[in-house]
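As a plain string of letters, each chain reads:
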Amino acid sequence: MKSAVSRGVVAVSTVAVLGLTAACSGSGDGGGKGDSDGAAGGKPSQSAQADPSSATAKLEKAALASGDVKKYKVEAVKESGKPGARASEGSAAPEGKATPPAGRVNPAECRPLSEMLTAAAPPKSKAHVSRTLSSTDTADTTTTEVVLLAYGRADAEKAMDTLRTATKSKKCAMFRDGGHRYFGVRPQPGPVGGDEAVSYKLASRAGEFLDRDRVTVVRSGSTLIAFRASNVFDPESVKSDEEGEAAGMPEKFRDGATGDPKVADAIIDAQLAKLAKVK
């Protein structure tokens, strides 16, 4: 039902703090106009334009832009380029959460799982850029965040090893990041492409809503690409859709997301291909 759309919007707003679209503070250079200027259409930020040889500028060239993936809208995320940016403890990130401060993730070995849920770069990365992709098909409610992270080669390989270990750890089947509880963590088959890949799924609750994520991290040389597909399960929307289906309502008017989100192969393929061209 269309009334379910408004419930879905509320749900997304409620769980936005779990999203990749972070507005970080704490380093003193976040949230300024310079980064927001490039927020539309996947255009580079001013900081990248000012220094075309920087790690951030190189990632900007490799990042997806409008027209790179058919049937998807691409938008840049403001916080691209600030390595290790974090929100101050107790401060609210209006559009997302920042890299979790050390010690907040419990158990500690699950920290790599939490780091890949944010738009802020993990401490060992040199730079990062972020994009949000949404389907032009209104029936597809999955949103995909794509974050490119620049590392030294050894650090990139170590990051993948620790992430892979965390996805397989029984201790990380459920973990906490501050006030957020994630559960149902399970390793998933990875895509073909890049030098190596790690995939996992997990979920968290926000009131009556269930926020579901599928994360795929691909390493290509010293660059990591984190793909995060998300949707929100709303029991009331699903119930309304089932009633609508029984009444013969066309599928395009049914809004509940019943299945786990998936990172579209087209997004992964397009990003890997574009990265390969700028190396």
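Whatever comes next refers back to the structure up there.
Residues numbered from 1 in each chain as written. Predicted model: local features only at pLDDT ≥ 70, side-chain atom pairs only at ≥ 80, totals over all residues. Heavy atoms only, no water.

1. Focus: the nonpolar core
Formed by 25 residues in total, the largest nonpolar core has its most connected members in Leu113, Met116, Phe175, Leu202, Val217 and Leu224. If you list the elements that add at least two residues to this core, you get strand E4 (143-150), helix H6 (153-168), strand E6 (180-188), strand E7 (196-206), strand E8 (209-220) and strand E9 (223-233). Residue contributions to this core peak at five residues, all from H6. If near-sequence neighbours (up to four positions away) are discounted, Leu202 is found in contact with Leu117, Phe175, Tyr182, Phe183, Gly184, Val185, Asp211, Arg212, Asp213 and Val215. (Core = buried A, V, L, I, M, F, W, Y, C linked by side-chain atoms within 4.5 Å. Buried < 20%, exposed > 50% of the residue type's maximum accessible area, 1.4 Å probe, protein only. Helix = DSSP H or I, 4+ residues; strand = E, 2+ residues; numbered from the N terminus. Contact = heavy atoms within 4.5 Å.)

2. Focus: the pairing of strand E1 (residues 72-76)
Because side chains alternate across E1, one face comprises the buried residues Tyr72, Val74 and Ala76, and the other comprises Lys73 and Glu75, none of which is buried. As defined by bridge partners, E1 adjoins strand E3 (residues 127-135) across five bridges and the pair is classed as antiparallel. Each bridged residue has a counterpart across the sheet, and for Glu75 the counterpart in E3 is Thr132. (Pairing = 2+ DSSP bridges.)

3. Observations concerning the state of the cysteines
Counting across every chain of the model gives one disulfide. The side chain of Cys110 participates in a disulfide bridge whose partner is Cys172; the two sulfur atoms lie 2.1 Å from each other. Its S-S torsion of approximately -100 degrees makes the covalent link between Cys110 and Cys172 left-handed. Of the two residues, Cys110 sits in the loop between strand E2 (105-106) and helix H5 (111-115) while Cys172 sits in the loop between H6 and strand E5 (174-177), which places them 62 residues apart along the sequence. (Disulfide = S-S within 2.5 Å.)

4. Observations concerning the pairing of E6
Judged from the four bridges that link them, E5 and E6 form a sheet pairing that is antiparallel. When the sheet's bridge partners are listed, Arg176 is paired in E6 with Arg181. Once E5 ends, the chain turns through two residues before running back antiparallel as E6, passing Gly178 with a positive phi of about 65 degrees. As paired elements, E6 and E7 share five bridges and run antiparallel to each other. Looking at E7, one finds that Arg186 is bridged to Lys201.

5. Some thoughts on the packing of aromatic side chains
In this structure the tally under the stated criterion is one aromatic pair. Between the aromatic rings of Phe175 and Tyr182, the centroid separation amounts to 5.1 Å while the plane-to-plane angle is 25 degrees, which identifies the pairing as stacked. Taken individually, Phe175 and Tyr182 each receive the classification buried, so the pair is uniform in this respect. (Phe/Tyr/Trp six-rings, centres within 6.5 Å; stacked < 30°, edge-to-face > 60°.)

By themselves, these figures tell us nothing about what the structure is for.
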